[in-house]
Amino acid sequence: MKALFSGAAIALTFAAFLPYIVSIRSGRTRPHVFSWLIWGVTTLLVFLATWAGGGGVGAWPTGVSALITFFIAWLAHAHGADREITTSDWLFLLGASSALPLWFLTADPLGAVVILTLVDLLGFGPTLRRAYAHPEQERVGFYSLFVLRNLLVLLSLERLTLTTALFPAAVGLGCAGLVALLLWRRRCLPA
């Protein structure tokens, strides 16, 4: 059953990312390169920590996401999706980057997951700023699918502990918050 949930989470990962990638390439979506770079690094490291913490097949969707997230960061840069880099964006990147070395100081996977989850949540900063100003340039469906996907990741974990569950739970809640912001801002702005 865990493998089924993991497979469903991986399928949702591709289902969410494919239209998002197409939308970036066509210029309809303009992701923030800093957010995606931060998310790629943290997602990869959380995959490794979750695997070490006994997440089993439940860790695989996170590993797949990491690879695709790095690809989106590259697309954001290559397609000039967002060249508007502000001081606050640099502060988010600096905060995220300074927290990463702390992972190497932790001796157990839980310490790594806690630090990396905080860093990943910092990655939402530039995207939240852009989503507030330009809610039409992000895809509600993409982030909505990731709310569901992270629920499936939680259900697929072979060992449900704080080490294995914190990251998907926090990212799922972060995506839900971003969806709420996008919907609210779209209603507030004139058409």
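Note that the structure is predicted; figures quoted are calculated from it, not measured. (Residues numbered from 1 in each chain as written. Predicted model: local features only at pLDDT ≥ 70, side-chain atom pairs only at ≥ 80, totals over all residues. Heavy atoms only, no water.)

> Break down the side chain of Ser-156 for me, with residues and values.
Residue position: Ser-156 is located in helix α6 (residues 140-156). Not counting residues up to four positions away in its chain, the partners in contact with Ser-156 are Lys-2, Phe-5, Ser-6, Val-57 and Gly-58. (Helix = DSSP H or I, 4+ residues; strand = E, 2+ residues; numbered from the N terminus. Contact = heavy atoms within 4.5 Å.)

> Tell me about the nonpolar core, and name the residues and values.
The biggest cluster of nonpolar side chains holds 31 residues, and the ones touching the most others in it are Phe-17, Tyr-20, Trp-36, Ile-72, Phe-142, Tyr-143 and Leu-178. Sort the elements by how many residues they give to this core and helix α7 (residues 162-188) lands first, with seven residues. Grouped together as the second largest cluster of nonpolar side chains are seven residues, Phe-34, Ile-38, Leu-93 and Val-119 included. (Core = buried A, V, L, I, M, F, W, Y, C linked by side-chain atoms within 4.5 Å. Buried < 20%, exposed > 50% of the residue type's maximum accessible area, 1.4 Å probe, protein only.)

> Give a description of the packing of helix α3 (residues 60-78) against α6 that names residues and reports values.
A pair of packed helices can be characterised by two numbers: the angle between their axes and the separation between those axes. In the contact formed by α3 and α6, the axes pass within 9 Å of each other and the chain directions differ by 140°. Where α3 approaches α6, its residues Pro-61, Thr-62 and Ser-65 are matched on the opposing element by Phe-146, Arg-149 and Val-153. (Axes fitted to C-alpha atoms, helices over the stretch in contact; angles between N-to-C directions.)

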